[in-house]
Amino acid sequence: EGTMGNTDLFMIEYPSADERRLAVVSGFIYNKENMPAATATIAVESVSDADFIGIYKPNPTTGKYVLLLQTGTTYQITISMPGSETKTFTYKVPLKGEYASRGLIHYIDPVVLND
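A quick note: this is a predicted structure, and the numbers were derived from the prediction, not measured. (Residues numbered from 1 in each chain as written. Predicted model: local features only at pLDDT ≥ 70, side-chain atom pairs only at ≥ 80, totals over all residues. Heavy atoms only, no water.)

Is there a simple way to explain the overall build of the protein chain in this structure?
Per the secondary structure count, the protein chain includes zero helices and eight strands. Its helices and strands taken in sequence order, the protein chain reads β-β-β-β-β-β-β-β from the N to the C terminus. Classification of the 115 residues of the protein chain by burial places 30% in the buried group. Within the protein chain, contacts between residues separated by at least 24 positions form 60% of all contacts whose residues are at least 6 apart in sequence. (Helix = DSSP H or I, 4+ residues; strand = E, 2+ residues; numbered from the N terminus. Buried < 20%, exposed > 50% of the residue type's maximum accessible area, 1.4 Å probe, protein only. Contact = heavy atoms within 4.5 Å.)

Where do I start with the sheet that holds strand β6 (residues 87-92) in this structure?
Paired through backbone hydrogen bonds, the strands of a sheet run either parallel or antiparallel to each other. Strand order in the open sheet formed by four strands is β3-β2-β5-β6, and the pairing between neighbours is antiparallel. Of all strands in the sheet, those with a lone pairing partner are β3 (52-56) and β6, marking the two edges. Each strand axis lies, on average, 20° off the axis of its neighbour in the sheet, ignoring direction. Note that strand β5 (residues 74-80) and β6 share six bridges and pair antiparallel. Paired with Y75 across the two strands is Y91, which belongs to β6. (Pairing = 2+ DSSP bridges. Axes fitted to C-alpha atoms, helices over the stretch in contact; angles between N-to-C directions.)

Would you mind going over the environment of V24 with me for this structure?
Relative to the helices and strands, V24 resides in strand β1 (residues 22-31). Taking the C-alpha atoms as reference points, V24 and L69, 45 residues apart in sequence, are found 6.5 Å from one another.

How should the nonpolar core be read in this particular structure?
General note: in soluble globular proteins, nonpolar side chains tend to be found buried as a group. Judged by nonpolar contacts, the single largest core of 19 residues is most densely connected at I29 and I77. Mapped by element, the contributors of at least two residues to this core are β1, β2 (41-46), β4 (64-70), β5 and β8 (111-113). Setting aside residues no more than four positions away along its own chain, I29 makes contact with M35, P36, A37, A40, I42, P58, G63, Y65, I79, V111 and L113. (Core = buried A, V, L, I, M, F, W, Y, C linked by side-chain atoms within 4.5 Å.)

The following block contains the structure:
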């Protein structure tokens, strides 16, 4: 109400904890021979509420995996493969604008699974 039309300007501010904020998180998993870890699995769990997010698999040809995760949240990521060590680490997905991205994808350092 009360606008003149044509060239009115409006500003919308989103709260920093906007639940719609998602980030694409990607990385690579290799075996000890530096080949893609085709049989590896990635289990993702939210640290704050112990909510199990899911189990993912890397591309068997490239070792690349892609996750869609909520920003501003800390996750426990467990990477395992039969016959190899299991690696577990925590990872906080930064809020948008707080990380450098390449093509809007945030990359985690590659993981090498040893025996």
